[in-house]
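Next come the chains, spelled out residue by residue.
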Amino acid sequence: MSLRKITAALGALALAIGMGACSNQGGDPGGGGEVTLQYWLWDDTQLPLYQQCADDFTAKHPNIRIEITQTAWGQYWTNLTTQIASGDAPDVFTNQVSYYPQFVANQQILDLTERIDQAGIDLTQYAEGFPERWVLDGRRYGLPKDWDAVGLLYNVEKAEAAGFDAERMNNLTWNPTDGGTFGEFIRATTVDAEGRNANDPAFDKDNVTSYGYYPEWSDGAVGQNGWGNFAHANGFTYTDQQGLPTEFNYDSPELVATAAWLQRLVNDGLAPRFDQQSSLGTDAVMKNGTAASTIQGSWTMASYLGEDSPVKFAFAKLPTGPKGRFTATNGLSDAIWSGTEHPDEAFAWVTHLASKECQDKVARGARVFPAQKSSTEIAMTAFREKGYDPTPFVEMVDAGETYPVPLLAKGNELNEVIQDAMAEVAQGADPQGTLTKANQDAQALYE
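Residues numbered from 1 in each chain as written. Predicted model: local features only at pLDDT ≥ 70, side-chain atom pairs only at ≥ 80, totals over all residues. Heavy atoms only, no water.

**Regarding the environment of tryptophan 73**
Thought 1: For tryptophan 73, the location among the structural elements is in helix H3 (residues 73-86).
Thought 2: Taking relative accessible area as the criterion, tryptophan 73 reaches 39% and is therefore assigned partly exposed.
Thought 3: Measuring from C-alpha to C-alpha, the distance between tryptophan 73 and glycine 212 comes to 27 Å, with 139 residues separating the pair along the chain.
Thought 4: In contact with tryptophan 73, not counting residues within four places along its chain, are Trp42, Gln96 and Tyr99. (Helix = DSSP H or I, 4+ residues; strand = E, 2+ residues; numbered from the N terminus. Buried < 20%, exposed > 50% of the residue type's maximum accessible area, 1.4 Å probe, protein only. Contact = heavy atoms within 4.5 Å.)

Here you go:
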């Protein structure tokens, strides 16, 4: 029997055992001996906040200790996949919608439906739409812990020098033909070595010192921090199917036109070449003044708006496209590994992570927007006390100018196919031909 089949079989067995041992009200695993739960997350800035939640939890359940491991995003998923395959995964781990359908398919996380129902957890306490993100085929695999959106991050000094104040930045328009007023911003803030911007006939596109826009090409099949938002503003949708799609629209005219516009930015010297930016991260490029704008998530406010930032930044709403303004929204939950030896204790911890008590504490840390509705104002106050302005994110969400990050089966493989295609476009490949082939390759994954 293959390792994968053994792991799936063990997962199914643990699932059956776990469902037969539902805890009282989901929040009290009862007495018993000392238990240590392994909990994994990837965000180092949130680690101290969740350690506080862990301390509070242990104070209520003295027999349960939470041991937290933090690993950076890329390595997190590699380590998690390896540990699950070896049968030595953490009892509870932070989960993301791009990954969890595969965990469900392989029976690697517990179905929490009966436990949540028996605990009487009120799902209406969470931000609208987010509880449903963790339901597949009528079964629930998590409780919401936070939500996010993305906005236009910009260098305030560069923007104001080009005549773009905060009001103008929050009312930019975009189209894939000439870029709209966002295109004007990009040209006005792209500067060559002689100090000429891209509106100057003498502008040297081959000797640029500061670009108007920094595109994210390494963004999987979703484009959450870049092309996905522009494409949706142009009328693109990932698929026409409900649930877990097997057919996609990556070859659609709306996405092809968006990719072609991004490619022109590179060709015209308004955005860095792919080989120039591949060795640097967005954070480094923005903070060393190499770019005037990019798209970043609400979860990065502390990094860019904090007092220790070397550059004064602000966030604005995303530009409004031909079909409106659209910001990608996502959220996280916590999953219980199906191989855990402590399902009752693990569920009690997951319940605490999703509780108002924990999420209020996280809200006061001014890092993310908690999923609890009542915690949002606490987070808003905390952000403002630190000098961060979360208004653009909240206003876009309140206005319904959003689209959800899609649920994807075989997310790793699909991410690789589409990301590779976008990288080819970034390096000069024909957008139509490249994305047509990528769409074919994507659909072949599910045949």
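**Comments concerning the pairing of strand E10 (residues 313-316)**
Thought 1: Here E10 shows two buried faces, one formed by Phe313 and Phe315 and the other by Ala314 and Ala316.
Thought 2: Note: strand E6 (residues 144-155) against E10, four bridges, orientation antiparallel. When the bridges of E10 are listed, leucine 153 appears paired with phenylalanine 315. (Pairing = 2+ DSSP bridges.)

**Let's talk about the packing of helix H15 (residues 356-364) against helix H16 (residues 376-385)**
Thought 1: Contact geometry of H15 with H16 gives a least axis separation of 7 Å together with a crossing angle of 20°. Relative to H16, H15 is oriented roughly parallel. When you trace H15 past H16, the crossing you get is right-handed. Contacts from Asp360, Ala363 and Arg364 of H15 reach H16 at Ile378, Ala379 and Ala382. (Axes fitted to C-alpha atoms, helices over the stretch in contact; angles between N-to-C directions. Parallel < 35°, antiparallel > 145°, perpendicular 65-115°, else oblique. Left-handed = near helix turned anticlockwise from the far one by under 90°.)

**Notes on H15**
Thought 1: Every buried residue of H15 is listed here: Cys358, Gln359, Asp360, Val362 and Ala363.
Thought 2: Turning to H15, the residues buried within the fold contact helix H2 (47-60), E6, helix H14 (343-353), strand E12 (369-370) and H16.
Thought 3: Positive backbone phi, at 55°, marks alanine 366, one or two positions downstream of H15.

**Considering the state of the cysteines**
Thought 1: Applying the stated rule across the entire model yields one disulfide.
Thought 2: Each disulfide pairs two cysteine sulfurs, and for cysteine 53 the partner residue is cysteine 358, the sulfurs being separated by 2.2 Å. Measuring handedness by torsion sign, the sulfur bridge of cysteine 53 and cysteine 358 sits at about 100° and is right-handed. Of the two residues, cysteine 53 is situated in helix H2 and cysteine 358 in helix H15; the sequence distance between them amounts to 305 residues. In terms of burial, cysteine 53 and cysteine 358 fall into one category: buried. (Disulfide = S-S within 2.5 Å.)

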